[in-house]
Amino acid sequence: MKLLLIILSILGSFLANLETKTLKSDFIVTVAEEVNAPMNYPGELTMHGPCFKVEMFNIEAAYDGKTMYMYSPETDELTLTNPTEQELLESNPLLYAKALVPVCNIVERTTQDGSQTIVTLTPKDQSIGINRFVLKVRNSDLMPLSVEIKEGKKTSTLKMKEPKFVQGAKEAYVITPEKDTYVNDMRL
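Since the structure is predicted, the reported quantities are computational estimates derived from the model, not experimental observations.

Q: What am I meant to see in the overall build of the protein here?
A: Each helix and strand in the protein was counted, giving 3 helices and 12 strands. Relative to the globule expectation of 16 Å for 188 residues, the C-alpha radius of gyration of the protein, 17 Å, shows essentially globular dimensions. Structurally, the protein occupies a C-alpha span of about 60 × 45 × 30 Å along its principal axes. Per-residue burial for the protein yields a buried fraction of 40% across its 188 residues.

Q: Sorry, what's going on with the pattern of salt bridges here?
A: When their charged atoms lie close together, side chains carrying opposite charge are able to pair. Taken as a whole, this structure holds 5 salt bridges when the rule is applied. K98 serves as the salt-bridge partner of E19, at 3.3 Å between the closest nitrogen and oxygen. Of this pair, E19 sits in helix α1 (residues 2-20) while K98 sits in helix α3 (residues 93-100), placing them 79 residues apart in sequence. Here E19 falls in the partly exposed class, since its relative accessible area comes to 36%. Linking R132 and E148 is a salt bridge whose minimum nitrogen-to-oxygen distance equals 3.3 Å. Residue R132 is located in strand β9 (residues 132-138), and its partner E148 is located in strand β10 (residues 143-151); the two are separated by 16 residues in the primary sequence. With relative accessibility at 27%, the residue E148 sits in the partly exposed group.

Q: How do you make sense of the layout of surface pockets when you look at a structure like this?
A: Which parts of space are left empty comes out when a probe the size of a water molecule is rolled across the atoms. A volume near 990 Å³ is recorded for the largest pocket. In terms of lining, the largest pocket is formed by 36 residues, of which the most central are L89, E90, S91, N92 and P93. The element contributing the most residues to the lining of the largest pocket is α3, with 5 residues. For the lining of the largest pocket, the class distribution of residues is 25 nonpolar, 6 polar and 5 charged.

Rules of the game
- Residues numbered from 1 in each chain as written.
- Predicted model: local features only at pLDDT ≥ 70, side-chain atom pairs only at ≥ 80, totals over all residues.
- Heavy atoms only, no water.
- Helix = DSSP H or I, 4+ residues; strand = E, 2+ residues; numbered from the N terminus.
- Rg over C-alpha atoms; globule rule 2.2 N^0.38 Å.
- Buried < 20%, exposed > 50% of the residue type's maximum accessible area, 1.4 Å probe, protein only.
- Salt bridge = Lys/Arg side-chain N within 4 Å of Asp/Glu carboxyl O.
- 1 Å grid on protein atoms, 1.4 Å probe; cavity = no way out; pocket = protein on both sides within 12 Å on 5 of 7 lines; lining within 4 Å.
- Points joined across faces, edges and corners; volume = space filled by probe spheres on them.
- Nonpolar A, V, L, I, M, F, W, Y, C, P; charged D, E, K, R; others polar.

Following this line, the structure appears as structure tokens:
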């Protein structure tokens with residue numbers, strides 16, 4: 001029982017940091033399947049609570065707590081939607097960790113040098129679609145370093161590059177279109 005309280009304390013503190021601080025980081029997403037060579041995708045993330053801005057795949061995305069903004073410079077189109085909870089979880093793995101806590105077995109271990117904690121969430125019911133979710137956190141400041149999601153034969157890894165929590169003015173999690181940008185408003 002004591003170990004479970006420690007695990008939830010580490011994970012809970014990490015998730016609380018995401019609610020109260022703004023996380024900024026460049027990142028690399030690696031998608032690997034057993035039969036194919038891994039594919040790497042660089043990007044940039046800013047996040048505060050459920051709100052975020054991401055640039056990846058030559059696409060800009062933002063979520064302000066209500067509206068999801070997706071901008072494609074190639075087509076100069078901005079799409080606005082009210083995303084479902086599932087769509088939000090699929091677009092932000094750090095939010096996904098929070099949603100997994102009640103339906104997973106949680107195992108925590110500290111690296112040999114004590115500098116990092118590795119939290120592994122394994123679904124109690126494998127029908128939810130993933131086999132394992134692994135979050136690596138730096139102990140000194142509860143900074144997320146990586147997330148690995150194993151789904152069948154596919155493994156997706158998000159590695160943060162020089163992540164930091166920033167204080168100060170809150171970011172605007174919106175994408176404002178230019179005058180000639182086509183706006184596809186799909187909100188209800």
